[in-house]
Amino acid sequence: MKNIISIVTFVSLFMMSCNKDFIDIAPVDTVSIDALFKTDKDYNDAVVGIYGSLQDQYQDMWLFGDMRGDDSWDELVKNTAAAMDNFTINNDDNVLRDTWRNYYVTISRCNMLLARIEQADPAVVKNKDLYIGEARFIRALAYFDMVRIFGDVQMITKPITIEESYTKGRESVEKIYNEVIIPDLLDAETKLPGSYSGSDVGRATMGAAKSILGKVYMTRHEFVKAEAKLKEVTTMGYALLENYNDLFDYMQDEHHSEYIFDIEYEEGLGGEGNCFTTNFTPKNPELAEFYGVTGGQNGNNNAPPHLFEIFEPGDVRKDVTAANGHTDADGNFIPLIPTSNDVATFTKKYMVRLLTSCDSRANWKVIRYADVLLLYAEALNENGKTVEALGYLNQVRNRGGLDDLTGLSQAETRDRIYLERRFELSFEGHRWFDLVRTGRALEVMAPLGMKDYMTVFPIPLAQIQLMNDLEIFPQNTGYN
């Protein structure tokens, strides 16, 4: 999957609706769209192009999921990262504009494929149901991210004209969940396979659809539905890796027993790599040389002091999650010494040999099995099944080198699950969204600058100006 995305990216240029600049791709009219959608291979290429469109957006997911929360901070106080960190981001910041555009590019490509494939002959397009399932899964994921980032957004589910686009106001989060996200995932799970082989490994599976749907139900506090859906995932053959650090050893196969769905990246393929390693590696020359990171380092997404302190003694996850130095080949620990131009901490979760800036092969883990187990434990506990919930919580703790927890109340178990998600998932884009969905964001983040309306981000100013109709397309409260 990693190796074939770049081959078909050109197909995606044509997979757009004509809904003006909020999907800002220059039209190419030298090739007919009809000519692009004929054979099974044509549709397959188009689907792979949709996956490719996610690569751009997930380059910035750390800003939303990690930097906005309390378990990451911008130690050097730089530009967008600092604004995310201290709740001062402006509605004209490029990352907001690009995020809006990237997701609607993805959604538009899904809509185009779904519209074209509806009349396709199954005798010719033999994988018709599979392609529908993949497109609906990706569209659901894109809208799930959008409503968690921006709140009410435009709900576009088919190709539209420029004129129609001016009438598309923001729809409620509830409506988008009920009419797009949940139906798309329910349909996708019936059409997607349990697994793939060969170059198709990395595409969305039935397990990915069920897992994201379980997280959707958790976000909506539909704990009974979440329990049922996440239980299904626990019966599908997934398993925790024995060694936590193997999750972040990028010289090994990333599609292992704990893998459910990643955003796929690859080095050396002309733009198919990512900037995670470049962004998160300190500027310290000795450390960069030790890890083989060349082409520049930015020192972003740093572990704050309290993150080092919350880990329990013996937790093997601490070393890869939050580091303040490195151990050289002779076994000597060499601490980072902060300067005005460098940082004192970093995460090793994206540390991989890097020959060129922003060409890392490290995938972004959208959801993995440990996340599912902790969500399932949370759902069980909210449904009054605390003893059973502790069993699933303890699976994750035991892999981290920690002893079982027993005899806890429902409230105590809830708090321990929340804490365990920090141990397990820091720097994987979950902390901020966990704080918001569990209603703890303001309590935790107010001392760091959060106001009550900041559970969502501002709508990009360019979109407000483009629509020019505050009746149907207003700015989020507090950001005017």
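Cut-offs used in this document
- Residues numbered from 1 in each chain as written.
- Predicted model: local features only at pLDDT ≥ 70, side-chain atom pairs only at ≥ 80, totals over all residues.
- Heavy atoms only, no water.
- pLDDT = per-residue confidence, 0-100.
- Contact = heavy atoms within 4.5 Å.
- Axes fitted to C-alpha atoms, helices over the stretch in contact; angles between N-to-C directions.
- Helix = DSSP H or I, 4+ residues; strand = E, 2+ residues; numbered from the N terminus.
- Parallel < 35°, antiparallel > 145°, perpendicular 65-115°, else oblique.
- Left-handed = near helix turned anticlockwise from the far one by under 90°.
- Nonpolar A, V, L, I, M, F, W, Y, C, P; charged D, E, K, R; others polar.
- Salt bridge = Lys/Arg side-chain N within 4 Å of Asp/Glu carboxyl O.
- Buried < 20%, exposed > 50% of the residue type's maximum accessible area, 1.4 Å probe, protein only.
- Pairing = 2+ DSSP bridges.
- Core = buried A, V, L, I, M, F, W, Y, C linked by side-chain atoms within 4.5 Å.
- Disulfide = S-S within 2.5 Å.

## A short note on the confidence of the model for the protein chain
In step 1: Confidence along the protein chain averages 91 in pLDDT terms, with 93% of residues attaining 70 or more.
In step 2: Throughout residues 4–31 the model reports pLDDT below 50, and contacts reaching past four residues in sequence, or to other chains, amount to 70 contacts.

## A short note on the packing of helix H2 (residues 40–58) against helix H6 (residues 128–150)
In step 1: Two elements in contact, H2 and H6, have axes whose closest approach is 10 Å; the angle formed by their N-to-C orientations is 15°. Viewed along their axes, H2 and H6 adopt a mutual orientation that is roughly parallel. Taken as a pair, H2 and H6 cross one another with a handedness that is left-handed. Side by side, H2 and H6 meet where Asp40, Tyr43, Asn44, Val47, Ile50, Tyr51, Leu54 and Tyr58 of the first sit next to Tyr131, Glu134, Ile138, Leu141 and Asp145 of the second.
In step 2: Taken together, the residues of the contact of H2 with H6 break down into 9 nonpolar, 1 polar and 3 charged.

## Description of the pattern of salt bridges
In step 1: Tallied over the full model, the rule gives 44 salt bridges.
In step 2: Between Asp184 and Arg136 there is a salt bridge, with its nearest N and O atoms 2.6 Å apart. Taken together, the residues Asp184 in helix H8 (residues 173–191) and Arg136 in helix H6 connect sequence positions 48 residues apart.
In step 3: Given a relative accessible area of 1%, Asp184 falls into the buried group.

## Here's the deal with unusual backbone geometry
In step 1: Of note, the phi angle at Cys358 is positive, near 60°, even though the residue is not glycine.
In step 2: Looking at where Cys358 falls in the secondary structure, it is placed in the loop between strand S5 (333–335) and strand S6 (364–368).

## So, the environment of Phe333
In step 1: With respect to the helices and strands, Phe333 occurs in strand S5.
In step 2: Given a relative accessible area of 46%, Phe333 falls into the partly exposed group.

## Considerations on the pairing of strand S3 (residues 259–263)
Note on strand geometry: in a regular strand, side chains alternate between the two faces of the sheet.
In step 1: Across the 5 residues that make up S3, a large majority, 5, are buried.
In step 2: Relative to S6, S3 runs antiparallel, the two being bridged by 4 bridges. The residue of S6 that forms the bridge with Asp262 is Lys365.

## Thoughts on the nonpolar core
In step 1: Core analysis: the biggest nonpolar cluster contains 123 residues, and Tyr58, Phe137, Ile181, Phe261 and Trp364 have the highest contact counts within it.
In step 2: Excluding anything up to four places from it in sequence, Ile181 contacts Ala140, Tyr143, Phe144, Val147, Ile176 and Val216.

## Section: the state of the cysteines
In step 1: Counting across every chain of the model gives 1 disulfide.
In step 2: Through a disulfide, Cys275 is tied to Cys358; the S-S separation comes to 2.1 Å. As the torsion about the S-S bond is roughly 115°, the Cys275-Cys358 disulfide counts as right-handed. Of this pair, Cys275 sits in the loop between S3 and helix H11 (276–280) while Cys358 is found in the loop between S5 and S6, placing the two residues 83 residues apart along the sequence.
In step 3: Judged by relative accessible area, Cys275 falls into the buried class, the value being 18%.
In step 4: For Cys358, a relative accessible area of 28% translates into the label partly exposed.

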